[in-house]
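Structural features, examined
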Amino acid sequence: MDSFAAKWQPFVLSLFRFITGLLLLQYGIAKLFKFPAVPYFANVELFSLIGAAGTLELVLGALLMLGLFTRPVAFILSGEMAFAYFLGHMFKGETPVWLPLLNGGTAAILFCFACLYLATAGGGPISLDRAIRSR
């Protein structure tokens, strides 16, 4: 079983990178283009913190999907997600809500550490980074 898993690990890394980028891209699209219509993002202005986050998620999520500049893009997204957790979830009320289950920050934490992993692991064999490097 270990040899089977080891054989497919690089390709699953590429799939993980693509899906992580796709999920972040959908948040950017929802925040900036209001599609799909999510009540929480209904009044987002481009020049606001959530608008800036949406721009990062849109552009960097697309780059992550392509596997272009994977390590720096994932590192920036990891920081953005940490920032989003603390400002958008933990400290959004008068008193801090520490538990992610109660403050709605589970996805932000998961994205933060998924991107941190991608920043160290790279984009995998199916990426533009690999295609450029092999030339």
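Structural data are supplied above this passage.
Model, not experiment: these values are computed from the prediction.

Remarks on the overall build of the protein chain
- Along the protein chain, the regular secondary structure elements total 6 helices and 0 strands.
- Ordered by position from the N terminus, the helices and strands of the protein chain form the series α-α-α-α-α-α.
- Projected onto the principal axes, the alpha-carbon positions of the protein chain cover approximately 50 × 30 × 25 Å.
- Sorting the 135 residues of the protein chain into buried and exposed places 34% on the buried side.
- Only carbon and sulfur atoms are counted for the fraction: they give 75% of the accessible area of the protein chain, which is about 8,600 Å².

Observations concerning the layout of surface pockets
- In this structure, the largest pocket encloses a volume near 520 Å³.
- As for the largest pocket, its lining consists of 22 residues, of which K31, A53, A84, G88 and H89 are closest to the centre.
- Among the secondary structure elements, those contributing two or more residues to the lining of the largest pocket are α1 (2-33), α2 (49-66), α3 (70-90) and α5 (106-121).
- Broken down by class, the residue content of the lining of the largest pocket amounts to 15 nonpolar, 3 polar and 4 charged.

Focus: the packing of aromatic side chains
- If you walk through the whole model with that rule in mind, you get 8 aromatic pairs.
- Residues F16 and Y117 carry aromatic rings whose centres are separated by 6.3 Å and whose planes lie at 65 degrees to one another, so their mutual orientation is edge-to-face. One end of the pair, F16, is in helix α1; the other, Y117, is in helix α5, with 101 residues separating them in the sequence.
- With relative accessibility at 35%, the residue F16 sits in the partly exposed group.
- One aromatic cluster is present, built from ring pairs that chain together Y27, Y40, F41 and F111.

With respect to α3
- In this model α3 runs 28 Å from its N-terminal to its C-terminal C-alpha over 21 residues, within 8% of the 30 Å that 1.5 Å per residue would give.
- Within α3 the residues assigned to the buried category are T70, V73, A74, L77, S78, E80, M81, Y85 and M90.
- Residues of α3 that are buried in the fold lie against α1, α2, α4 (100-103), α5 and α6 (128-134).

With respect to the packing of α1 against α5
- Axis separation between α1 and α5 bottoms out at 11 Å; the angle between their running directions is 135 degrees. Of the possible angle classes, the one that applies to α1 and α5 is oblique. Seen along the crossing, α1 lies across α5 with a hand that is left-handed. On α5, the residues that touch Q9, L13, F16, R17, T20, L23, L24 and Y27 of α1 are A107, F111, A114, C115, Y117, L118 and A121.
- Residue composition of the contact of α1 with α5, grouped by class: 12 nonpolar, 2 polar and 1 charged.

What counts, and at which threshold
Residues numbered from 1 in each chain as written. Predicted model: local features only at pLDDT ≥ 70, side-chain atom pairs only at ≥ 80, totals over all residues. Heavy atoms only, no water. Helix = DSSP H or I, 4+ residues; strand = E, 2+ residues; numbered from the N terminus. Buried < 20%, exposed > 50% of the residue type's maximum accessible area, 1.4 Å probe, protein only. Areas by Shrake-Rupley, 256 points an atom, 1.4 Å probe, with all protein chains shown as cover. 1 Å grid on protein atoms, 1.4 Å probe; cavity = no way out; pocket = protein on both sides within 12 Å on 5 of 7 lines; lining within 4 Å. Points joined across faces, edges and corners; volume = space filled by probe spheres on them. Nonpolar A, V, L, I, M, F, W, Y, C, P; charged D, E, K, R; others polar. Phe/Tyr/Trp six-rings, centres within 6.5 Å; stacked < 30°, edge-to-face > 60°. Expected span 1.5 Å × (residues − 1). Contact = heavy atoms within 4.5 Å. Axes fitted to C-alpha atoms, helices over the stretch in contact; angles between N-to-C directions. Parallel < 35°, antiparallel > 145°, perpendicular 65-115°, else oblique. Left-handed = near helix turned anticlockwise from the far one by under 90°.

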